[in-house]
Amino acid sequence: MKGEVIIACDFKSREETLNFLDQFHDIKPYVKIGMELYYSVGPSIVKEIKDRGHKIFLDLKLHDIPNTVYGAMKALADLQADMVNVHAGGGIEMMKAAKKALDEKGAKTILIAVTQLTSNSETAMHEELLIPSSMEETVAHYALNAKKAGLDGVVCSPLETVIVNKICGSDFYTVTPGIRFKSDAKGDQKRVTTPDMAARNGSTYIVIGRSITGAKDPYAAYLKAQRMFATGEEE
Ligand code: C5P
């Protein structure tokens, strides 16, 4: 199963986002709307970008008690995003509540769960979160919980797709941020790799923000990432 490059549009305004997307001419990349854009502009931005022909991953990472997540997901279902997510750390019952909300609305939206943020290191996970297992074991366990809850897949780092595919099957989506070209700065991300390596590891979708949005020529950077992800070949 192979998806495509999803661009994380982490912008603070509607204008900035639409100007950015105008650079892609007739190509309509899959767009990720995260907290920054959604909370700055509001739900209308989802419909506006969708109406321009883009698929939308609404990355709001819900994490609350099951009843609250159920209600929130019912509201989000009306936006008809192509993909939405919750935090697997909220537990199986919470993930089931999110799934139930989408099912009751008859939504076709793909539902995935964040395992461990790609900005987390294994050391921070041990020392700050007091999770004693290895990063791989933790991600694989959270992925299995997401599968048990009936979800379609997980967000994980491209370094963990092999183990997730092994444990949950290759039809279980692995959506992987933490993608950089060789020459890029990692920024706050810790568990990163390149688009071609993510493809070879078996990621279903890769999510790229700053390596495209901050590039001199975002359109060229996007095409390069798509080619590397499609072929598994280096830049
Ligand atoms: O700019 P960069 O490529 O690091 O952006 C990655 C995007 O993926 C950000 O929008 C971030 O919120 C999101 N993300 C992540 N790690 C996760 C889940 C989502 O980096 N586990």
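By convention here, each chain's residues receive numbers from 1 onward along its written sequence. Predicted model: local features are reported for residues with pLDDT of at least 70 only, side-chain atom pairs are reported and counted for 80 or more only, and whole-chain, interface and lining totals are derived from all residues. Side-chain numbers come from the whole structure's heavy atoms, not from hydrogens or water.

**Here we look at the environment of lysine 100**
Each helix is a run of DSSP H or I of at least 4 residues and each strand a run of E of at least 2, with the numbering of both proceeding from the N terminus. With respect to the helices, strands and loops of the structure, lysine 100 is situated in helix H5 (residues 92–104). Considering only alpha carbons, one finds lysine 100 and alanine 113, 13 residues apart in sequence, at a separation of 14 Å.

**Notes on the layout of surface pockets**
Each pocket or cavity is described by its volume, and for the largest pocket that value is around 520 Å³. Each cavity reported here is a set of points on a 1 Å grid over the protein atoms alone in which a 1.4 Å probe fits but cannot get out, each pocket an open set with protein on both sides within 12 Å along at least five of seven lines, and each lining residue one with an atom within 4 Å of a point. In this structure, the largest pocket is lined by 27 residues; those nearest its centre are Asp10, Lys32, Asp59, Lys61 and Gln189. Among the elements of the structure, strand E2 (30–34), helix H2 (35–41), strand E3 (56–62) and strand E8 (205–208) are those that each provide at least two residues to the lining of the largest pocket. Residue contributions to the lining of the largest pocket peak at three residues, all from E3. Each residue receives one of three labels: charged for Asp, Glu, Lys and Arg, nonpolar for Ala, Val, Leu, Ile, Met, Phe, Trp, Tyr, Cys and Pro, and polar for the others, Gly being one of them. Within the lining of the largest pocket, the residues separate by chemical class into 10 nonpolar, nine polar and eight charged. Grid points are joined across faces, edges and corners, and a volume is the space filled by probe spheres set on the points. Reported here for the second largest pocket is a volume of approximately 170 Å³. Taken together, His63, His87, Gly89, Thr115, Gln116, Leu117, Asn120, Ala124, Met125, Glu128, Leu129 and Tyr142 make up the lining of the second largest pocket. Among the residues forming the lining of the second largest pocket, the class breakdown is five nonpolar, six polar and one charged.

**Side note on unusual backbone geometry**
At histidine 25, a position not held by glycine, the phi torsion is positive, near 55°. If you trace the backbone, histidine 25 turns up in the loop between helix H1 (14–22) and E2. Under the relative-accessibility criterion, histidine 25 is labelled exposed at 54%. Although it is not a glycine, glutamine 80 adopts a positive phi angle of roughly 55°. Counting through the fold element by element, glutamine 80 comes out in the loop between helix H4 (66–77) and strand E4 (83–87). Burial classes: relative accessible area under 20% of the type maximum marks a residue as buried, over 50% as exposed, and values in between as partly exposed (1.4 Å probe, protein chains only).

**A closer look at the site of the ligand**
Throughout, the term near means that a residue has one or more heavy atoms lying within 4 Å of the molecule or strand in question. Not every one of the 17 residues close to the ligand is listed here, only the nearest: Asp10, Lys32, Thr118, Gly209 and Arg210. Think of a polar contact as two N or O atoms within 3.5 Å of one another; within protein, one of them needs to be a possible hydrogen donor and the other a possible acceptor, and neighboring residues in sequence only count if both atoms come from side chains. With respect to the ligand, the side chain of aspartate 10 contributes an N or O atom lying 2.7 Å from an oxygen atom. The side chain of glutamine 189 places a nitrogen or oxygen atom 2.8 Å from an oxygen atom of the ligand. Summarising the interface, the protein chains cover 88% of the accessible area of the ligand, which totals 460 Å² for the free molecule. Under a 2 Å grid-point criterion requiring more than half of the atoms, the pocket assigned to the ligand is the largest pocket. Only E3 and E8 provide two or more residues apiece to the shell around the ligand. Residue exposure ignores everything except the shown protein chains as possible cover, and the areas themselves are Shrake-Rupley values with a 1.4 Å probe. A molecule is counted as occupying a cavity or pocket when more than half of its atoms fall within 2 Å of that pocket's grid points.

**Considerations on the packing of aromatic side chains**
Each pair of aromatic rings is reported with the distance of its centres and the angle of its planes. The rule is short: rings of Phe, Tyr and Trp, with Trp giving its six-membered ring, pair when the centres are within 6.5 Å, and they are stacked under 30 degrees, edge-to-face over 60, tilted in between. Within the structure shown, the criterion is met by seven aromatic pairs. Taking the centre distance of 6.0 Å and the plane angle of 70° together, the rings of tyrosine 38 and tyrosine 39 count as edge-to-face. Residue tyrosine 38 is classed as buried on the basis of its relative accessible area of 13%. Connected via pairs of aromatic rings, a cluster forms that spans Phe11, Phe20, Phe24, Tyr219 and Tyr222. Consider the ring centre and the ring normal. A charge sits over the ring if Lys NZ or Arg CZ is within 6 Å of that centre and within 35 degrees of that normal. Between the NZ or CZ atom of lysine 2 and the centre of the ring of phenylalanine 229, over which it lies, the distance is 4.7 Å. Cation over ring: lysine 224 sits above phenylalanine 181, and NZ or CZ is 4.2 Å from the ring centre.

**As for the packing of H5 against helix H7 (residues 135–148)**
The geometry of H5 relative to H7 is characterised by a closest axis approach of 9 Å and an angle of 45° between their N-to-C directions. Here H7 runs oblique to H5, going by the angle between their axes. The way H5 lies across H7 gives a crossing that is right-handed. Contact residues: H5 offers Ile92, Met95 and Lys96, while H7 offers Asn145, Ala146 and Lys148. Across the contact of H5 with H7, the residue classes break down as three nonpolar, one polar and two charged. In this analysis, axes come from line fits to C-alpha atoms, helices being fitted only over the stretch in contact, and the angle between any two N-to-C directions falls in the range 0 to 180 degrees. Roughly parallel here means an angle under 35 degrees, roughly antiparallel means over 145, roughly perpendicular means 65 to 115, and every remaining angle is called oblique. Take the far helix as the reference: if the near one is turned anticlockwise from it by less than a right angle, the crossing is left-handed, and if turned clockwise, right-handed. Contacts: residue pairs with any heavy atoms within 4.5 Å of one another.

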